[in-house]
Amino acid sequence: MVGGLGTLAGLGLVRRRQPLTWIATGVVFAGFFIGMNGLLRNESVVVRSPEDTLLGFQPGTAYLIYGIWVLAFFTLAGGFSLLFNRLGDGDRRSS
Amino acid sequence: MRDPIIVWMMVLTLAITMGIGLYSYLEARTQRQYFAYDQKLRWFFLGIATFASMMSGFGFVGGPGLVYSTGTASLWMTFAGGIGIPITFMLVGRRLRALAGPDIFTLPDAVHKRFGSQAARFSVALSILLGILAYLGAQILAAAVVLDGVFQVGYGWAFAIALIVTTLYPLVGGIVAGIRTEVFQGAIMLFSSVLIFWFALASGGGMAEITTAIASDNPALVSPWGSTPALLALSWFFVFSLGNVGMPHSTSRFLMLKDPGQLRYGVLLATSAYMIGGLLWMAVGYAVRAQVALGSLAPLAVPDEATPTFLATYTPPWLAGVVFAGVICAILSTASIFLNVGSATLTRDIPLALGRPLSNSMFWARTWTAVIALASGAVAIISDEFIALLGTIGFGLHAAGLVPTLVLGLHWPRANAQAVIASTVVAIGGSLYFFFAQQLGFAARYGWWVPGRGFASVALVMLLSLMTFVVATLVFRRASVEAEEPAQRRVALSGGTSS
């Protein structure tokens, strides 16, 4: 899951000869990894009071929602939008 | 229910929908207009319409019910569906747009252009049609339940009204009516999702308090996998993210685009809108479960009562009116596109695949729209208690039948028509097998095999279909490569600008 989502995000973000885009992809990859790691480490945590929650959710679920799903929403939608933009520019140049 | 505010908001929503839909008749005079929006679709309509058709009535009623009964497990469906939108845009958006042309505006058309095979066109059209008949029946039944709840006119009359409303404007205005009404319907769905999310959090005193209340009753519900096995949640993620690519009501829009440049903002808008819609799915289910755990509400007899119970107990009538309008919009938007895609398969794809194109195609387009609606209505009446299960088989058929062809077939130069046909046969056969085994209880009664550890059968059929596609491509590779024109293949696979 981490590999698949990270690769898809990288597909949208990476541009050759632009090191900053590789760093962005690395950060996203790390985000997914931290999210999955947090999910597995906290999946059995029992919530007894609101203080036991993390950003409103059971800690393992919070890592899942913020570390994987929300991150994937933004990086995939934003990344692919950038990619379509780049491909569109390529189309215009070639036509 | 029959609150005057709710009744009038519903009447107003239906009247506006019908008005927009019927007015679209003026721009639905040719097949290309009726089935493909004259291939002039722009990013705003693409984004909102994609969200509106993907978020069906299930998202407003069945989804919160699933959160109520399985907790976080259900979110592996809705959020995976949201992630599936950009994946769909990425994997097939440009490829399908590149195949589009004046005579290529349905998915089976695109498959025919890519593989040069009428048999491949026929098999894809058949899997689309079978899935639509099942899925559409579920939508009509859901619309009848909502209309009966609001108007309280009796189930028979509600069913008749649902059938007429669902059918009339797509029949008259085709996809032009479908997409324009989806923009109106999508706006209502977004508005109601945001409001209901706020009210749901307020009802429990905030997300942390809601989580704590649920955990005090059943800690598993708030854990990352919910109350289901982890394998089921993961298989739902697989099906609802990658499986989205196979939904014809979503992917066929790529053949309607004015130009590929519309994808860049369309993907952002559709994903953001779906994400907001997913908040309703999550918040209502959690909020009702928390109130049951606290003893403020009696346990629900049926999980699907989560949304109506929440609206009746924790929201003012005007908001309930907006949300019920949102529910009927979600149902109509999905149903109208299904009707249109189904009509295209019978008016265009199957006759062309059989070498017998229909004359007077616009007459047949509207006739088949009515016939499909009536057939789905009949399926809904006959199956009644099985209708939700038919919705499942519809989704599974589309996911397993179309994902291999669209994902592998459009990207893998060696892919061939035999692989399309073989994977489609596996998808139809596998979906029917598990429908009988699991939904109709043949596994328990006659010992039919089903996957263990909670692994979703839809995911298994999709995997089998993908593997069949790969094997068939390798086995039939030589014949296919020799038969195909290299230049034609390059154009079909280029993903560049339209011809």
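Residues numbered from 1 in each chain as written. Chains lettered and ligands numbered in written order. Predicted model: local features only at pLDDT ≥ 70, side-chain atom pairs only at ≥ 80, totals over all residues. Heavy atoms only, no water.

**Observations regarding the overall build of chain B**
Then, number 1: Each helix and strand counted, chain B has 21 helices and zero strands in total.
Then, number 2: For chain B, whose C-alpha radius of gyration is 22 Å, the value lies close to the compact-globule estimate of 23 Å for 499 residues.
Then, number 3: If one aligns the C-alpha atoms of chain B with their principal axes, the spans along those axes are about 70 × 50 × 45 Å.
Then, number 4: Taking all 499 residues of chain B together, 62% fall into the buried category.
Then, number 5: In chain B, once contacts between residues fewer than 6 apart in sequence are set aside, the share between residues at least 24 apart is 84%.
Then, number 6: Here chain B has roughly 17400 Å² of accessible surface; of this, 68% comes from carbon and sulfur atoms. (Helix = DSSP H or I, 4+ residues; strand = E, 2+ residues; numbered from the N terminus. Rg over C-alpha atoms; globule rule 2.2 N^0.38 Å. Buried < 20%, exposed > 50% of the residue type's maximum accessible area, 1.4 Å probe, protein only. Contact = heavy atoms within 4.5 Å. Areas by Shrake-Rupley, 256 points an atom, 1.4 Å probe, with all protein chains shown as cover.)

**Some remarks on the overall build of chain A**
Then, number 1: Counting its regular elements, chain A contains three helices and zero strands.
Then, number 2: Secondary structure elements of chain A, listed N to C terminal, follow the sequence α-α-α.
Then, number 3: Taking 12 Å as the expected radius of gyration for a compact globule of 95 residues, we find that chain A reaches 17 Å, considerably beyond that expectation.
Then, number 4: C-alpha extents for chain A along the principal axes are approximately 65 × 20 × 20 Å.
Then, number 5: By sequence separation, contacts in chain A at least 24 residues apart represent 56% of the contacts at least 6 residues apart.
Then, number 6: Roughly 5100 Å² of accessible area belongs to chain A as shown, and the carbon and sulfur atoms make up 62% of that amount.
Then, number 7: The centroid of the 8 positive side-chain charges in chain A is displaced by 16 Å from the centroid of its 5 negative side-chain charges. (Lys, Arg positive; Asp, Glu negative; His and termini not counted. Charge placed at Lys NZ, Arg CZ, Asp CG, Glu CD.)

**Digging into empty space enclosed by the protein**
Residues and elements named next belong to chain B.
Then, number 1: Under the criterion given, the structure shown has one cavity of 30 Å³ or more.
Then, number 2: The wall of the largest cavity is formed by 13 residues, among which T106, L107, S252, V341 and A344 lie closest to the centre.
Then, number 3: Mapped onto the lining of the largest cavity, the elements with two or more residues apiece are α6 (107-115) and α14 (317-353). (1 Å grid on protein atoms, 1.4 Å probe; cavity = no way out; pocket = protein on both sides within 12 Å on 5 of 7 lines; lining within 4 Å. Points joined across faces, edges and corners; volume = space filled by probe spheres on them.)

**Here we look at the pattern of salt bridges**
All names here are of chain B.
Then, number 1: On inspection of all chains with the given rule, the structure shows six salt bridges over all chains.
Then, number 2: We note a salt bridge from D38 to K40, for which the minimum N-O separation is 3.3 Å.
Then, number 3: Between E182 and R253 there is a salt bridge; the shortest N-O distance is 3.1 Å. Here R253 lies in the loop between α11 (248-251) and α12 (263-294) and E182 lies in helix α8 (residues 155-204), a separation of 71 residues in the sequence.
Then, number 4: Take E182: its relative accessible area is 0%, and that puts it in the buried class.
Then, number 5: Connected via shared salt-bridge partners are D109, R121 and R348. (Salt bridge = Lys/Arg side-chain N within 4 Å of Asp/Glu carboxyl O.)

**Topic: the interface of chain A and chain B**
Interface size is commonly expressed as the accessible surface area that is lost when the partners come together.
Then, number 1: Contacts between the two partners involve 36 residues from chain A, matched on the other side by 33 residues from chain B.
Then, number 2: Between chain A and chain B the total buried area reaches about 3100 Å² when both faces are included, carbon and sulfur atoms providing 79% of it.
Then, number 3: The largest share of the area that chain A buries against chain B comes from W69, F73 and F84 of chain A, three residues that together contribute 26% of it.
Then, number 4: Run the count over chain A and chain B and you get zero salt bridges. (Buried area = accessible area lost by both parts, 1.4 Å probe.)

**Some remarks on the side chain of S423 of chain B**
Then, number 1: Mapped onto the elements, S423 of chain B comes out in helix α17 (residues 417-439).
Then, number 2: In contact with S423 of chain B, not counting residues within four places along its chain, are A400, P404, T405, S465, T468 and F469 of chain B.

Everything listed is a geometric property; what it means functionally is a separate question.
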